[in-house]
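Given next are the chains, with one letter for each unit.
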Amino acid sequence: MLTIRPSGERGHADHGWLNSYHSFSFAEYHDPRHMGFRSLRVINDDRVAPAKGFPLHPHRDMEIISYVVEGELEHHDDMGNGSIIGPGEVQLMSAGRGITHSEGNPSADNLVHFLQIWIRPRQQGITPSYQQKLFATADKQGQLRLIASPDGRDDSLTIQQDACLYATLLHPGEKVIHHTATNRYLWLQVVSGSVTANGTSLQQGDGAALENEKEVTLIGQEPAEVLLFDLS
């Protein structure tokens, strides 16, 4: 079964400096029908104005992934980490028993577009940690590149949950297939462009939950970027 979460039905918050779309309930947007999917709790599609950002704020007991689509994102935290990441780079922060961080747009001219993703950890109170990695375009083009996994295999980021995140870039007509193991669930998020998923059309910003599907076949319609979550 494939259930679409249409882009136009997401929660929306426009704070001037921040334009954000919420696939699941977040902050002042609350919809009991959309509280997450399995361990996946948040997908926020964020655009931050030049020289603006989120000031220092705390998190705990959450795996937080920032996936940059356009522009640059600057990160600082109380563990001493500081970095600027751009398209193709991904950061993963395991908040554990508590971390304080800030995120902002270091550019004076250009916005930054990124997805902020929260996944519940399998264990609470762990030691906080920070990772970041660049994933080459060539490794995602026409194939599913493993971005995060519980064991860090294939040079992926290590996430504290039984969850795998893949990314792919598809030209029109290009196809990838992901086989689903027993008792696994999939979430698709179309970052840009459009694809078909098992014959169903998905547009930029759309999400889709897949349950009791042995596999998913993605075919590019327009040049597309897609994230695939494989969840327990």
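Cut-offs and rules
- Residues numbered from 1 in each chain as written.
- Predicted model: local features only at pLDDT ≥ 70, side-chain atom pairs only at ≥ 80, totals over all residues.
- Heavy atoms only, no water.
- Helix = DSSP H or I, 4+ residues; strand = E, 2+ residues; numbered from the N terminus.
- Buried < 20%, exposed > 50% of the residue type's maximum accessible area, 1.4 Å probe, protein only.
- Contact = heavy atoms within 4.5 Å.
- Areas by Shrake-Rupley, 256 points an atom, 1.4 Å probe, with all protein chains shown as cover.
- Pairing = 2+ DSSP bridges.
- Axes fitted to C-alpha atoms, helices over the stretch in contact; angles between N-to-C directions.
- Salt bridge = Lys/Arg side-chain N within 4 Å of Asp/Glu carboxyl O.

**Description of the overall build of the chain**
From N to C terminus, the chain includes 1 helix and 20 strands. Across its three principal axes, the chain shows a C-alpha extent of roughly 45 × 40 × 40 Å. Counting over 232 residues, the chain shows a buried share of 53%. Contacts spanning at least 24 positions in sequence make up 69% of the contacts within the chain whose residues lie at least 6 apart. As displayed, the chain has an accessible area near 10,200 Å², and 47% of this comes from carbon and sulfur atoms.

**Re the sheet that holds strand β7 (residues 73–77)**
In spatial order, the strands read β5-β10-β7-β8; together these 4 strands make up an open sheet with antiparallel pairing. At either margin of the open sheet sits one strand with a lone partner, and together these are β5 (53–59) and β8 (82–85). Pairwise comparison of adjacent strand axes, ignoring direction, gives a mean angle of 20 degrees for this sheet. By the bridge criterion, 4 bridges tie β7 to β8 in an arrangement that is antiparallel. Pairing of L73 across the sheet is with I85, part of β8.

**Quick notes on the sheet that holds strand β9 (residues 89–94)**
Hydrogen bonds along the backbone pair up the strands of a sheet, which may run parallel or antiparallel. With antiparallel pairing, the 7 strands of this open sheet are ordered in space as β2-β3-β4-β11-β6-β9-β12. If you trace the sheet from one side to the other, it starts and ends with β2 (11–14) and β12 (129–134), each paired once. Averaged over all adjacent pairs, the angle separating strand axes in this sheet is 15 degrees, with direction ignored. Where β2 lies against strand β3 (residues 18–22), 4 bridges are found, and the strand directions are antiparallel.

**Section: the environment of S194**
Relative to the helices and strands, S194 is located in strand β17 (residues 185–197). Judged by its relative accessible area of 3%, S194 falls in the buried class. Linking S194 and I85, residues 109 residues apart in sequence, is a C-alpha distance of 25 Å. If we ignore the near neighbours within four places in the chain, the residues touching S194 are L202, Q203, G220, Q221, E222, P223 and A224.

**Remarks on the pattern of salt bridges**
Inspection of every chain in the model, using the stated rule, returns 8 salt bridges. With a shortest N-O distance of 2.8 Å, D31 and R33 are connected by a salt bridge. Overall, the relative accessible area of 10% leaves D31 in the buried class. Between R60 and D61 there is a salt bridge whose closest N-O contact spans 3.6 Å. Judged by its relative accessible area of 52%, R60 falls in the exposed class. Among the residues examined, D61 registers a relative accessible area of 14% and is labelled buried. One continuous salt-bridge network, built from bridges that share partners, spans R10, D45 and R47.

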